[in-house]
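Descriptive analysis of the structure
Residue-level listing of the chains:
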Amino acid sequence: MPRGHGKKRKRVRPTPAHQPEESGQPLASGQVVAESTSVSVPASSPSFVSSSPAINPAPPASTDVPKYYGDLSAILARMVVDPDFRMRIFVPPDQSFVFAYWPDIKDCLLARPDAFTPLSSPARPPFEIRAILGKGMGMVATEAIAPGALIVRERPLLAVPMTLPGFYMDMLSNTSYMPESIRTEYFSLTNCKPPELPHAIGILNTNSVALNIMPGQLDDYCGVFKSICRVNHSCSPNAHTRWDADTFAGELRAVRSIAAGEEITFPYTDILVPRHERQEFLLRRYKFTCKCPACSLPPAAQARNDQARTHIDTVVLPSLLSVSAQGTRSVRELLDLVALLQEADSGSPMIWRIVAKELAGTYCGLGMREEAVKWARKAMEMTIAHTGKDKGWAAVVEAPERTEVWRSKVGVRRGK
Ligand SMILES: [Zn+2]
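A brief structural summary. This structure is a prediction, so every number in the text was calculated from the model and none was measured. (Residues numbered from 1 in each chain as written. Predicted model: local features only at pLDDT ≥ 70, side-chain atom pairs only at ≥ 80, totals over all residues.)

Along its length, the protein chain carries 12 helices and 11 strands. Classification of the 416 residues of the protein chain by burial places 45% in the buried group. (Helix = DSSP H or I, 4+ residues; strand = E, 2+ residues; numbered from the N terminus. Buried ≥ 20, exposed ≤ 12 C-beta atoms within 10 Å, placed from the backbone.)

Taken in spatial order, the 5 strands of this open sheet run S1-S2-S6-S8-S7, and their pairing is mixed. The sheet is open, and its two borders are formed by strand S1 (88-90) and strand S7 (209-211), each paired with just one other strand. If you compare each strand with its neighbour and ignore which way they point, the axes differ by 25° on average. As judged from the 2 bridges shared by strand S2 (residues 98-101) and strand S6 (residues 158-161), these two strands associate in the parallel manner. Residue pairing in the sheet places Phe99 in a bridge with Ala159 of S6. (Pairing = 2+ DSSP bridges. Axes fitted to C-alpha atoms, helices over the stretch in contact; angles between N-to-C directions.)

The next thing to look at is the sheet that holds strand S4 (residues 136-141). Spatially, S3-S4-S11 is the arrangement adopted by the 3 strands of the open sheet, whose pairing is antiparallel. Across the chains shown, the open sheet's two edge strands, defined by having one partner strand only, are strand S3 (127-132) and strand S11 (263-264). The pairing of S4 with S11 spans 2 bridges and is antiparallel. Along S11, the bridge assignment pairs Met139 with Ile264.

Let us look at the environment of Pro179. On the secondary structure map, Pro179 appears in the loop between helix H3 (166-173) and helix H4 (180-186). On the basis of neighbour count, Pro179 is assigned to the partly exposed category, with 15 C-beta atoms found within 10 Å. The spatial distance from the C-alpha of Pro179 to the C-alpha of Val91 is 8.4 Å, given a sequence separation of 88 residues. Setting aside chain neighbours within four positions, we find Pro179 in contact with Val91 and Gln95. (Contact = placed C-beta atoms within 7 Å.)

Running from N to C, helix H8 (residues 331-344) and helix H9 (residues 349-366) point in directions that differ by 150°, and their axes come no closer than 10 Å. Taken together, the axis directions place H8 and H9 in an arrangement best described as roughly antiparallel. Note that H8 runs across H9; the crossing there is left-handed. Facing H8, whose interface residues are Val331, Leu334, Leu337, Val338 and Leu341, H9 presents Ile351, Trp352, Val355, Glu358, Leu359 and Thr362. (Parallel < 35°, antiparallel > 145°, perpendicular 65-115°, else oblique. Left-handed = near helix turned anticlockwise from the far one by under 90°.)

Set out below in structure tokens:
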């Protein structure tokens, strides 16, 4: 989940009482917020002859539902003409979370079988929350965590619409609607906002991450989580957050191998912009100066790192997301992209997923099993980190020679 509002691929935390600082959808991740940037499988990527990797269906088009995201005047106008259009508050019987919502959304959610049922999470959490020198609290791995592995899955303590008129913010700032257990957890979180802002709203604006509650919703939502909101920022993160609309839960997954004792991090900002832009944003929004590995490089390496990020942002990513370019890149070009991604060290599972997918497909077509398995595994890990599911890649890792591309290309060459 990216944090709050964001312009394209910006992940920032929201200020729900106000217009968003940037317009548009945050990155999949990130986005959390479920995957706003879903990527279709390119023609050359492996798919099984007998059972193709299942691809999640596209969310239904929302053309019949006006969207009020970030448009406070549209929200207020709707309230004038529609007496039922009022923010409501829902607390489930087990009092595990508080959901403030516009009335369009709850029936959609309750129609889903898994919404609001108990969640599964790792039986023994692979982390602890503890003080980190110079950073306040943070999340630290207590055991080795593999790429793609689930670190925590949890419902938000509080989820609210992004665009709220001031009187609703006043209502939320008086937290009598919160069950006591939620209130205790909520008020233990950090507040970096000015003291003139009510404390509850300061916590919301400091900690909330963006949530795509449902396709077709009127407004976007943001949420505050007990564990996920303890995770500190890094511009070279080792974890990724996503929102799972099916279970109404946030997930934190590893995007690389994490060692026991290592701090777990994810980005609060767009990680593909240069260091000075990241630093400026983090200081303005969250009042800290980032000292992550990417921000601590010596000047020459820093310049290369910035250059790599900018090149990925402006040249590579548009090309990777272009359907016509998918499946057309040579092994050399793809391996150059891998080197660039390693140089940038920005940890984006969405980008790694596309590159690994293309490499796995290309090596399958060449009949090179070892390389095909290596990149299919990377594609699997990044697909799980990005979407929560392996989407058929585990089977490709097991038997790349059973993919359609291997059979059609390698089989034909061998006269089969
Ligand atoms: Zn940094």
